[in-house]
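# Breakdown of the fold
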Amino acid sequence: MGQKLKVGIVGGTGMVGQRFVQLLDQHPWFEVTAIAASANSAGKTYEESVQGRWKMATPMPEAVKSIVVQDASKVEDVTSDVDFVLCAVDMKKAEIQALEEAYAKTGTPVISNNSAHRWTPDVPMVIPEVNPQHIEVIEAQRKRLGTSTGFIAVKPNCSIQSYVPALNALLDFEPTTVVASTYQAISGAGKNFTDWPEMLDNVIPYIGGEEEKSEQEPLRIWGHVEGGQIVKASSPIITTQCIRVPVTDGHLATVFVSFKKKPSKEEILQRWAEFKGRPQELGLPSAPKQFITYFEEENRPQTKLDRDIEQGMGVSVGRLREDSLYDYKFVGLSHNTLRGAAGGAVLIAELLKAEGYIQAK
């Protein structure tokens, strides 16, 4: 494609920011040219700023070690030499909303891993294989923000990636009721076992705000664009429980579902095997070849064995069977910091670039 687009990572020193750095090393379309974080990190090289706190399994890429970290609040400075930014900051909701809008108003596209703008009516919240059509709302958002090139697009919550794609492939059968319990890795809280020894040999049956997100965000994803905003779907009814379990990466979900038009087991398996989305059609660099993989084995998918399927960008499903209360039940699994966080945001950026929304300045 010629020259790579220049990327700024806002919140580059945290766990998701580090994952962005890792994923963009040798990316065919994008190159990290700026990293921003809190004022405490500003002025240090990236290597200095995360010394002793690098949480990835692979070494820090050489290309970013000497980048001088900027103050994320100095928006004009950060955006002066980037084509778009990836954002993953730890701040209060109102502060994140203001910061991301400030970046967008400079004419810079913002792809956000944060939850702050997930319910802003004209901000698309995208799983690229599921609702790529929602990006058309960007035109209305640009008018509101007063920019011809800047905008905000967000990635949904990591917990829903383990079951929404599997249900999305079955929407023609009109699911009416969904019960999901998610068993979520500690990296979803930005931690590892060194940071959080209390999680060893332990399960915590509460993750603040997670159940509301898990019940409501799928409805926004399955909604439609109308009058320059996204109107959420009214069905199915979804209820969830979200539980923290002692694994490093990978969110697993147990799902019960009933349909208005009950499909056969063979129809469900065929839909999962054949499901492709816009990223597969476009051949985007981070897109999994097989988005949904079904395991016939009774004891799969397993978090440790299967979270990295398709470089962590695929979704695994197993144990599909009829249920005594609902029509069917199954188990889903996704990698929460790849498909569910940084990888999902990079895939959104690839989609937006391919569709002409992100261009070189």
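Read on for a plain summary of the structure. The structure displayed is predicted, hence computed values, not measured ones.

All right, on to the environment of Gly318 then. With respect to the helices and strands, Gly318 occurs in strand E13 (residues 315-322). Taking the C-alpha atoms as reference points, Gly318 and Leu347, separated by 29 residues in sequence, lie 25 Å from one another. Apart from the residues lying within four places of it in its own chain, the contact partners of Gly318 are Tyr294, Phe295, Arg300, Pro301, Phe330 and Val331.

Moving on: unusual backbone geometry. Pro236 follows Ser235 through a cis peptide bond whose omega is 5°. Position of Pro236 among the secondary structure elements: in the loop between strand E9 (229-231) and strand E10 (237-244). Omega for the peptide link from Arg300 to Pro301 comes to 0°, which places this bond in the cis form. Positive phi, close to 55°, is recorded for Arg319, a residue that is not glycine.

Two elements in contact, helix H1 (residues 15-24) and helix H12 (residues 338-354), have axes separated by 9 Å at closest approach and are oriented at 55°. Considered as vectors, H1 and H12 are oriented oblique to each other. When the axes of H1 and H12 are compared, the crossing they make is right-handed. Between H1 and H12, the contacting residues are Val16, Arg19, Phe20, Leu23 and Leu24 on the first element and Leu338, Ala341, Ala342, Gly343, Ala345 and Val346 on the second. Residue classes in the contact of H1 with H12 are distributed as nine nonpolar, one polar and one charged.

Before going further, it helps to spend a moment on the environment of Ser334. Looking at where Ser334 falls in the secondary structure, it is placed in strand E14 (residues 328-334). For Ser334, a relative accessible area of 1% corresponds to the buried category. As for Ser334 and Thr303, which are separated by 31 residues in sequence, their C-alpha atoms are 8.3 Å apart. The residues touching Ser334, leaving out its near neighbours within four places in the chain, are Cys158, Gln161, Ser162, Gly250, His251, Gly314 and Arg339.

In this model, H12 (17 residues) spans only 20 Å end to end at C-alpha, well below the 24 Å of a helix rising 1.5 Å per residue. Bending of H12 peaks at approximately 55° at the position of Gly344. With 15 of 17 residues buried, H12 lies mostly within the body of the structure. With its phi angle positive at about 90°, Gly356 sits one or two positions after the end of H12.

Formed by 52 residues in total, the largest nonpolar core has its most connected members in Val10, Tyr103, Tyr163, Trp222, Trp272 and Phe330. For Trp222, the residues in contact, after removing those within four places along its chain, are Val130, Val164, Leu167, Asn168, Leu171, Ala233, Pro236 and Ile238. Formed by 39 residues, the second largest nonpolar core is a distinct cluster that contains Phe84, Ile135, Ala287 and Ala349.

Turning our eyes to something else, we now look at the packing of aromatic side chains. The relative placement of two aromatic rings is captured by the distance of their centres and the angle of their planes. Inspection of the entire model under this criterion finds nine aromatic pairs. Ring geometry for Phe30 against Phe84: centres 5.0 Å apart, planes inclined by 70°, an arrangement best described as edge-to-face. Taken as a pair, Phe30 in strand E2 (residues 30-37) and Phe84 in strand E4 (residues 84-87) lie far apart in primary sequence, 54 residues in all. Of the two residues, Phe30 and Phe84, neither departs from the other in class, the shared state being buried. Considering the side-chain rings of Phe275 and Phe291, the 5.9 Å spacing of their centres and the 35° angle between planes classify their relative orientation as tilted. Of this pair, Phe275 sits in the loop between helix H9 (265-274) and helix H10 (278-282) while Phe291 sits in the loop between H10 and strand E12 (292-295), placing them 16 residues apart in sequence. Per residue, the accessibility class of Phe275 equals that of Phe291, and both read buried.

Scoring rules and cut-offs
- Residues numbered from 1 in each chain as written.
- Predicted model: local features only at pLDDT ≥ 70, side-chain atom pairs only at ≥ 80, totals over all residues.
- Heavy atoms only, no water.
- Helix = DSSP H or I, 4+ residues; strand = E, 2+ residues; numbered from the N terminus.
- Contact = heavy atoms within 4.5 Å.
- Axes fitted to C-alpha atoms, helices over the stretch in contact; angles between N-to-C directions.
- Parallel < 35°, antiparallel > 145°, perpendicular 65-115°, else oblique.
- Left-handed = near helix turned anticlockwise from the far one by under 90°.
- Nonpolar A, V, L, I, M, F, W, Y, C, P; charged D, E, K, R; others polar.
- Buried < 20%, exposed > 50% of the residue type's maximum accessible area, 1.4 Å probe, protein only.
- Expected span 1.5 Å × (residues − 1).
- Bend = angle between axes of the 7 residues up to and from the residue.
- Core = buried A, V, L, I, M, F, W, Y, C linked by side-chain atoms within 4.5 Å.
- Phe/Tyr/Trp six-rings, centres within 6.5 Å; stacked < 30°, edge-to-face > 60°.

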